[in-house]
Amino acid sequence: MTDDLDLDELAADLADFAPKDKKGGRSAREERIIAGFEEIQRFAEAHGRAPAHGESNDIFERLYAVRLDRLRGLEECHSLLAPLDKEGLLAAAVTPPTEPVESIDDDELLAELEGMGGASDITELRHVRTAADKRAAEEIANRTPCEDFDNFKPLFVRVRKDLDAGIRQTRRFQTMAEIKEGEFFIVGGQIAYVAGVGKEFVTEYDRRDSRLRVIYDNGTESDVLLRSLQRALHRDEAGRRITDPTAGPLFSVESEDGDLASGTIYVLRSKSNNPAIAQHRDVLHKIGVTGGDVTKRIANAKRDPTFLLADVEIAATYKLSNINRTKLENLIHRIFDAARLDIETKDRFGNPVIPREWFLVPLFVVDEAVDRIKNGTITGYVYDPKVAKLVSCRPT
């Protein structure tokens, strides 16, 4: 019964529902600071040293180092944590970071320290946005629609064709390798084109950097820093550099499948009386590559639909050494793709055949293309039928 309940007992029962006093009279803000500092202390105990800056260090250690520097510099934190600092972490001098660290105000720092308070060990971060996450998010956020993407779209189409044909290849990006204007990369699952490299400058950490204009194959662009792109390519397991279609893979010093001691680029002219062919006889050429004798190659031309079922004459030949025949032929056809003849013939069984090696291109342009292939300057050039010459396919 209530009448039998002693007042002291009632007070004790009610005390169970009363709000608890704050530990040591500390505010929630102070508790968060202490919890975050205790995480840094656990790191120091586990590793026998304070966390340090450095791009080679684990991201968690670098984050601890940033926070420790901030705690050392805040008088409020210093006076609060000094009695708990058994390792003397607060007394050590602040170590300048070896890489840029975005500015963090007190509220952001405390929010990050609060997130660490519930972590079960030094590698578990809860509700914490790491510096790497922030940089990645910033780069994505900085991507904007590319207003002149129509100028770049043909480049991406051509690169994909070159990759499929083996004219270009992908290579693992080497640590902090050089990045130049006009190069293609694969990063974040997208093909990226470096359309421009800004003026070089020196950062506050005495490192050289540049601002890039990078176009992505999804129609967006960004003005990412060169070093940021280097880091993104290095950290991306699927990050790749796309090689240029230069003479390198065509003229090889090492034997590969399809390599020959010598080969010949041949240019043929049709003797067909077909009006559609005869009217373009002076500029209509079949361009190919063979490892054998060209004369033997054309011996049965009039019975071969790929030769338009007519005899041909040799307009020009170019001897080359140590070539990869398939890659070279694919490269030539890519250069003159815009001038490819669209015609259909029938084989001896009446089946339709569409020859793919005939192009409406003057012989002097073929001469120039071969010269550029030999000296390695063909990269970025295609044939423009409107002006009847090789033009750079890189946007200006």
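Preceding this section is the structure that the text describes.
Residues numbered from 1 in each chain as written. Predicted model: local features only at pLDDT ≥ 70, side-chain atom pairs only at ≥ 80, totals over all residues. Heavy atoms only, no water.

Draft legend 1. Inspection of helix α2 (residues 28-47) at higher detail. Between the first and last C-alpha of α2 there are 29 Å, a value that for 20 residues agrees with the 28 Å anticipated at 1.5 Å per step. Residues of α2 that are buried: Ile33, Ile34, Ala35, Gly36, Phe37, Glu39, Ile40, Gln41, Phe43 and Ala44. (Helix = DSSP H or I, 4+ residues; strand = E, 2+ residues; numbered from the N terminus. Expected span 1.5 Å × (residues − 1). Buried < 20%, exposed > 50% of the residue type's maximum accessible area, 1.4 Å probe, protein only.)

Draft legend 2. Molecular detail of the side chain of serine 210. Looking at the element boundaries, serine 210 is found in the loop between β6 (208-209) and β7 (212-216). With a relative accessible area of 6%, serine 210 lands in the buried category. Leave out the neighbours within four places in its chain, and serine 210 touches Val197, Gly198, Lys199, Glu200, Phe201, Val224, Leu225 and Leu226. (Contact = heavy atoms within 4.5 Å.)

Draft legend 3. Structural detail: the nonpolar core. Of all hydrophobic cores here, the largest spans 25 residues; its most connected members are Ile265 and Phe336. Elements with a contribution of two residues or more to this core: β10 (259-270), β11 (284-290), β12 (312-324), α11 (325-335) and α12 (363-375). A total of five residues in this core trace back to one element, the largest contributor, which is α12. Apart from the residues lying within four places of it in its own chain, the contact partners of isoleucine 265 are Ile287, Gly288, Val289, Ala316, Thr317, Tyr318, Leu320, Leu328, Ile332 and Val370. (Core = buried A, V, L, I, M, F, W, Y, C linked by side-chain atoms within 4.5 Å.)

Draft legend 4. Spotlight on the pairing of strand β16 (residues 381-384). Sheet topology places β16 next to strand β17 (residues 389-392); four bridges connect them, and they run antiparallel. Across the sheet, the residue bridging to aspartate 384 is lysine 389, located in β17. (Pairing = 2+ DSSP bridges.)

Draft legend 5. Fine view of the sheet that holds strand β2 (residues 170-172). Here we have seven strands laid out as an open sheet, ordered β1-β8-β7-β4-β3-β9-β2, and antiparallel in their pairing. A strand with exactly one partner marks an edge of an open sheet, and here the two such strands are β1 (144-145) and β2. Across two bridges, the pairing between β7 and strand β8 (residues 220-222) is antiparallel. Within the sheet, the bridge partner assigned to isoleucine 215 lies in β8 and is glutamate 221. Here helix α7 (residues 149-165) sits on the sheet in contact with β2, β3 (184-187), β4 (190-197), β7 and β9 (240-242), set at roughly 125° to β4. The strands that helix α8 (residues 226-235) touches are β2, β3, β4, β7 and β9; relative to β3, the one it contacts most, it runs at about 55°. (Axes fitted to C-alpha atoms, helices over the stretch in contact; angles between N-to-C directions.)

Draft legend 6. Spotlight on the packing of aromatic side chains. Applying the stated criterion across every chain, the model contains eight aromatic pairs. Where phenylalanine 149 meets phenylalanine 156, the ring centres are 5.9 Å apart and the plane angle is 25°; that geometry is what we call stacked. Here phenylalanine 149 matches phenylalanine 156 in class, with each residue buried. Ring plane angle 50° and centroid distance 5.9 Å describe the contact between phenylalanine 152 and tyrosine 193, whose orientation is recorded as tilted. Residue phenylalanine 152 is located in helix α7, and its partner tyrosine 193 is located in strand β4; the two are separated by 41 residues in the primary sequence. For the pair formed by phenylalanine 152 and tyrosine 193, the shared burial category is buried. One aromatic cluster is present, formed by Phe149, Phe152, Phe156, Phe184 and Tyr193 through successive ring pairs. The ring of tyrosine 216 is capped by arginine 143, whose NZ or CZ atom sits 3.6 Å from the centre of that ring. Positioned above the aromatic ring of phenylalanine 307, the side-chain terminus of lysine 286 is 4.9 Å from the ring centre. (Phe/Tyr/Trp six-rings, centres within 6.5 Å; stacked < 30°, edge-to-face > 60°. Lys NZ or Arg CZ within 6 Å of the ring centre and 35° of its normal.)

Draft legend 7. Region of the structure containing the pairing of β4. Across the eight residues of β4, seven count as buried, placing the element largely inside the fold. In this structure, β3 lies alongside β4, joined through four bridges in antiparallel fashion. Across the sheet, phenylalanine 184 pairs through a bridge with tyrosine 193, a residue of β4. Two successive antiparallel strands, β3 and β4, enclose a turn made up of two residues, where glycine 188 displays a positive phi of approximately 60°. When β4 meets β7, the two strands line up antiparallel, connected through five bridges. Opposite valine 194, over in β7, you have valine 214 as the bridge partner.

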